[in-house]
Amino acid sequence: MSEQSFPDDARPEYADALPEYAERVLDVTELIPPGRVMTYGDIAEYLGEGGPRQVGRVMSLYGGGVPWWRVVRADGALLAGQELEALDRYREEGTPLKEASRAAEGHLPRLDLKRARWDGGERAQDHT
DNA sequence: AGCGTGACGAGTA
DNA sequence: ATACTCGCCACGC
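Reading guide: rules and limits
Residues numbered from 1 in each chain as written. Chains lettered and ligands numbered in written order. Predicted model: local features only at pLDDT ≥ 70, side-chain atom pairs only at ≥ 80, totals over all residues. Heavy atoms only, no water. Helix = DSSP H or I, 4+ residues; strand = E, 2+ residues; numbered from the N terminus. Buried < 20%, exposed > 50% of the residue type's maximum accessible area, 1.4 Å probe, protein only. Contact = heavy atoms within 4.5 Å. Areas by Shrake-Rupley, 256 points an atom, 1.4 Å probe, with all protein chains shown as cover. Near = heavy atom within 4 Å. Polar contact = N/O pair within 3.5 Å; in protein donor to acceptor, adjacent residues only side chain to side chain. Nonpolar A, V, L, I, M, F, W, Y, C, P; charged D, E, K, R; others polar. Phe/Tyr/Trp six-rings, centres within 6.5 Å; stacked < 30°, edge-to-face > 60°. Lys NZ or Arg CZ within 6 Å of the ring centre and 35° of its normal.

Draft legend 1. Local environment of the overall build of chain A. Of regular secondary structure, chain A possesses five helices and four strands. Across the 128 residues of chain A, 34% fall into the buried class. Pairs at least 24 residues apart make up 57% of the contacts formed inside chain A by residues separated by at least 6 positions. Surface exposure of chain A reaches about 9000 Å², of which carbon and sulfur atoms provide 47%.

Draft legend 2. Broad picture of the protein's contact with DNA strand B. Around DNA strand B, the structure places Thr39, Tyr40, Gly41, Pro52, Arg53, Gly56, Met59, Ser60, Trp68, Arg73, Ala74 and Leu79. When atoms of DNA strand B within 4 Å of the protein are sorted by moiety, sugar and phosphate together comprise 41%. One of the side-chain nitrogen or oxygen atoms of tyrosine 40 is found 2.9 Å away from a base nitrogen of DNA strand B. Within the backbone of glycine 41, one N or O atom sits 3.2 Å away from a phosphate oxygen of DNA strand B. Elements with a minimum of two residues in the surface near DNA strand B: helix H2 (40-47) and helix H3 (52-62). Its residues placed into classes, the surface near DNA strand B shows six nonpolar, four polar and two charged.

Draft legend 3. Fine view of the side chain of arginine 70. You can see arginine 70 is positioned in the loop between H3 and strand S2 (71-72). Here isoleucine 32 takes part through its backbone oxygen, which lies 3.2 Å from a polar atom of the side chain of arginine 70. Ignoring any residue separated from it by four or fewer positions in sequence, one finds arginine 70 in contact with Ile32, Pro33, Pro34, Arg36, Val37, Met38 and Glu93.

Draft legend 4. Highlighting the packing of aromatic side chains. By the definition in use, this model includes one aromatic pair. Taken together, a centroid distance of 5.5 Å and an interplanar angle of 85° make the contact between tryptophan 68 and tryptophan 69 edge-to-face. For tryptophan 68, a relative accessible area of 16% corresponds to the buried category. Using a relative accessible area of 9% as the deciding quantity, one classes tryptophan 69 as buried. Above the ring of tryptophan 69, the side-chain terminus of arginine 89 is found at 4.1 Å from the ring centroid.

This is the structure in structure tokens:
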């Protein structure tokens, strides 16, 4: 096959296809079981490529078609701008939440990562 | 090329 | 628990 040599800054792109990295991130996102979550960093580590910021970027740009609420920040804070949307999902999926202490009323609950975090493998998780 | 910005994360005060 | 720093890396100006 004749190898066409493109200049490094003029590689052909196909509009229908997402960048390969983005596709992998979305792929992993769809593997997260309902009621569980993975952090941006977890996904990056799982892929063995990129970092949390790269994953965050992908979700920001292309996350609309996948269960984006199952990809969360490491501190358990709900996604800014879509807290209520996400909270709704968590409640219907039974995702472990950590209710805000009564002292902080205005605060929405945060995720209980200790219980909700999914390691990417199939494994029994119990307790209550 | 430099610099600010971001759906991040860990460490420190 | 909050605030701030740094490290990280892709992008846009």
